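Secondary and tertiary structure notes
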Amino acid sequence: MRKGILELCILSIISDEQEAYPSDIIKRLEESHMIVVQGTLYPLLARLKSAGLLDYTWKESGAGPPRKYYSLTNDGHEFLDGLMDTWNQLVAAVKHSTRSLTANKKAK
Amino acid sequence: MNKVFNINLGGIAFTIDSDAYEYLSNYLETIHNHFRASEGYEEITTDIEARMAELFQERLENRPIVTLQDVKHVIAIMGTPEDFGAEPMGDEAPKSSSRGKWKFKTGKRLFRNTEEVVIGGVCSGISAYFGIEDPLWVRLFFVLITISGGVGIPLYIILWAVLPKAETASDRLAMRGEKANVSNIGKIIEEEVAHVSKKMSELGDELKSEFGSKKKAPRRRTILKENAVLPMAGFISEPPLPRGFMF
């Protein structure tokens, strides 16, 4: 069920930052408890990149070796929009199906 | 007291205790093995190494040496390949299919087996590819289709022209669909040595019998085997031609 959700989060973080350094993505994912181990991110980034949704550029950093900064491609933006729609539909559907449950809880 | 190593991890130099070094290289090896089959293998592993370097830097602050504890700590943060797989994003199906594809592409390949040839090594290459113990069956098959329809000979010639020779140890492993790792290459090299020594003694026997029949000096056989055959080792890679003309 959580399939795709982590991708959605990663894509939206990158779209939010425009150019995102993986370690910053990790920080934000950890803030929202989206990932358990950091290694998970890298195969996902590689897969999204090979699907043509992401691209990266190398940038010099103040200290240490150059860093990869990921950004969304046009396809990536489109894909993210699509995912967001699906997500909103899903949320609406779940809310609708469970409304009696939540209403009961509130009533109690 | 502990020995230390200097390593370059993700472009950053670290001094690391020897036990920590062992632990870390084991971990990185499992990571590499896990992703070797995946698309973007190089990128994933270099990114992971770079991230680990960053974590070490953060953790060390001003300490000079990476200890075993640091390594364990950072590995716990990064997680093991099993953890990646167990993540909700595991996405088993595409992963396994891409692995399957990769296997098809580079795991097993059709070669001409130059170690067991009658004509061009096509049949023994095919039998190695399909895991058939004895290339005789494939040869028989070729003989049969030659007799019954006549396509055998042209087919054989085409395959002979198209298939590459299995020249290196890794070619021979790919021919049998085995992975080229250190232990397998070792195995191949052992086989090669056995093959060469077998060929040498065969040649020795041939020379002996020839020498023996012509000069009638059977007593000298053993000396010949030891001394005369060794300089001929260069010729044995091309096995003697006769041995049944059919395939």
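For every chain, the first residue of the written sequence is number 1, and numbering continues from 1 onward in sequence order. Throughout, the order in which chains and ligands are written sets their labels, letters from A for the former and numbers from 1 for the latter. In keeping with the model being predicted, local features are shown solely for residues with a pLDDT of at least 70 and side-chain atom pairs are shown and tallied solely at 80 or more, while totals for entire chains, interfaces and linings include all residues.

1. Some thoughts on the overall build of chain A
In DSSP terms, a helix is any run of H or I states spanning at least four residues, a strand is any run of E spanning at least two, and both are numbered starting from the N terminus. Check the secondary structure of chain A and you find five helices and two strands. Counting helices and strands in the order they occur from the N terminus, chain A gives α-α-α-β-β-α-α. Counting only residues that meet the buried cut, chain A has 24% of its 108 residues in that class. Contacts in chain A between residues far apart in sequence, at least 24 positions, make up 44% of those at least 6 positions apart. Counting other C-beta atoms within 10 Å of its own, a residue is labelled buried from 20 upward, exposed at 12 or fewer, and partly exposed in the gap between, with every C-beta atom placed from the backbone. Two residues qualify as a contact pair if the distance between their C-beta atoms, derived from the backbone, is within 7 Å.

2. A short note on the interface of chain B and chain A
Taken together, the contact pairs 22 residues of chain B with 19 residues of chain A. The biggest single contributor to the side of chain B that touches chain A is helix 2 (residues 41-60) of chain B, with six residues. Taken together, the residues of the side of chain B that touches chain A sort by class into nine nonpolar, five polar and eight charged. Note that Gly is not counted as nonpolar here; it falls among the polar residues with everything else outside the nonpolar set of Ala, Val, Leu, Ile, Met, Phe, Trp, Tyr, Cys and Pro and the charged set of Asp, Glu, Lys and Arg.

3. Here we look at helix 1 (residues 5-17) of chain A
All names here are of chain A. To estimate how far a helix should reach, multiply one less than its number of residues by 1.5 Å. Here helix 1 contains 13 residues, and its C-alpha end-to-end distance of 18 Å stays within 8% of the 18 Å for a straight helix at 1.5 Å per residue. Within the sequence span of helix 1, burial applies to Ile10, Leu11 and Ile14. All buried residues of helix 1 fall inside an arc of 95 degrees around its axis, so they share one side. Looking at the buried positions of helix 1, the neighbouring elements they touch are helix 2 (22-31), helix 3 (41-50), strand 1 (54-59), strand 2 (67-72) and helix 4 (74-97). Here the arc refers to the set of directions running from the helix axis out to each C-beta atom.

4. Examining the sheet that holds strand 1 (residues 4-9) of chain B
Residues and elements named next belong to chain B. Read across the sheet, three strands follow the order 1-2-3 without closing on themselves; strand pairing throughout is mixed. Each having just a single partner strand, strand 1 and strand 3 (65-66) make up the two edges of the open sheet. Pairing between two strands is assigned when DSSP locates at least 2 bridges connecting them. Both strand 1 and strand 2 (residues 12-17) contribute to a ladder of six bridges, which runs antiparallel. Within strand 2, the residue paired with Ile7 across the bridge is Phe14. Where helices are involved, their axes are fitted lines through C-alpha atoms of the stretch in contact, as for all axes, and angles between N-to-C directions lie from 0 to 180°. Running over the sheet, helix 1 (residues 18-35) touches strand 1, strand 2 and strand 3 and is turned about 115 degrees from strand 2.

5. Examining the confidence of the model for chain B
Residue and element names in this part refer to chain B. Within a predicted model, pLDDT stands for the predictor's per-residue confidence, ranging from 0 to 100. Overall, the predicted model of chain B reaches an average pLDDT of 73, with 68% of residues at or above 70. Confidence over residues 86-106 falls short of pLDDT 50; this stretch has 17 contacts with residues more than four positions distant or in other chains. Confidence drops under pLDDT 50 across residues 215-247; counting only partners more than four residues distant or on other chains, this segment forms 34 contacts. For this predicted complex, the interface score ipTM comes out at 0.82, alongside a pTM of 0.51.

6. A word on the packing of helix 1 of chain B against helix 2 of chain B
Residue and element names in this part refer to chain B. Between helix 1 and helix 2, the shortest axis-to-axis distance is 9 Å and the interhelical angle comes to 155 degrees. With respect to helix 2, the axis of helix 1 lies roughly antiparallel. Along this stretch, helix 1 crosses helix 2, giving a crossing that reads as right-handed. Note on element contacts: helix 2 touches helix 1 through Tyr41, Ile44, Thr45, Ile48 and Glu49, opposite Leu28, Ile31, His32 and Phe35. Here the contact of helix 1 with helix 2 is built from residues that sort into six nonpolar, two polar and one charged. Roughly parallel refers to an angle under 35 degrees, roughly antiparallel to one over 145, roughly perpendicular to one between 65 and 115, and oblique to any angle outside these ranges. Note on convention: near helix rotated counterclockwise from far helix by under a right angle means a left-handed crossing. Clockwise means right-handed.

7. Section: the environment of Ile5(A)
Residues and elements named next belong to chain A. Along the chain, the position of Ile5 falls in helix 1. Note on Ile5: 15 C-beta atoms within 10 Å, which makes it partly exposed. Along the backbone, Ile5 and Met84 are 79 residues apart, and their C-alpha atoms lie at a distance of 9.8 Å.

8. A few points about the packing of helix 1 of chain A against helix 2 of chain A
All names here are of chain A. Interhelical geometry of helix 1 versus helix 2 gives an angle of 120 degrees and a closest axis separation of 10 Å. Viewed along their axes, helix 1 and helix 2 adopt a mutual orientation that is oblique. In the packing of helix 1 onto helix 2, the handedness of the crossing is right-handed. In this structure, helix 1 uses Cys9, Ile10, Ile13, Ile14 and Glu17 to contact helix 2, whose residues at the interface are Asp24, Ile25, Arg28 and Leu29. In the contact of helix 1 with helix 2, the residues fall into six nonpolar, no polar and three charged.

9. Structural notes on helix 7 (residues 136-148) of chain B
Residue and element names in this part refer to chain B. In this model helix 7 runs 18 Å from its N-terminal to its C-terminal C-alpha over 13 residues, within 8% of the 18 Å that 1.5 Å per residue would give. Looking at the packing, one finds that the buried side of helix 7 touches helix 6 (122-130) and helix 8 (152-162). Once helix 7 finishes, Gly150 follows within two positions and takes phi at roughly 85 degrees, a positive value.

10. Observations concerning the nonpolar core
Joined through C-beta atoms within 7 Å, a set of buried Ala, Val, Leu, Ile, Met, Phe, Trp, Tyr and Cys residues constitutes a nonpolar core. If you look at the biggest cluster of nonpolar residues, it comprises 37 residues, and the most contacted ones within it are Ile14(A), Leu41(A), Leu45(A) and Leu54(A). Looking at this core, the elements with two or more residues in it are helix 1, helix 2, helix 3 and strand 2 of chain A together with strand 2, helix 1, helix 2 and helix 3 (68-78) of chain B. Look past the residues within four positions of Leu45(A) in its chain and what remains in contact with it is Pro22(A), Leu54(A) and Tyr70(A). Within the second largest apolar cluster, twelve residues are counted, among which are Val138(B), Leu163(B), Ala166(B) and Leu173(B).

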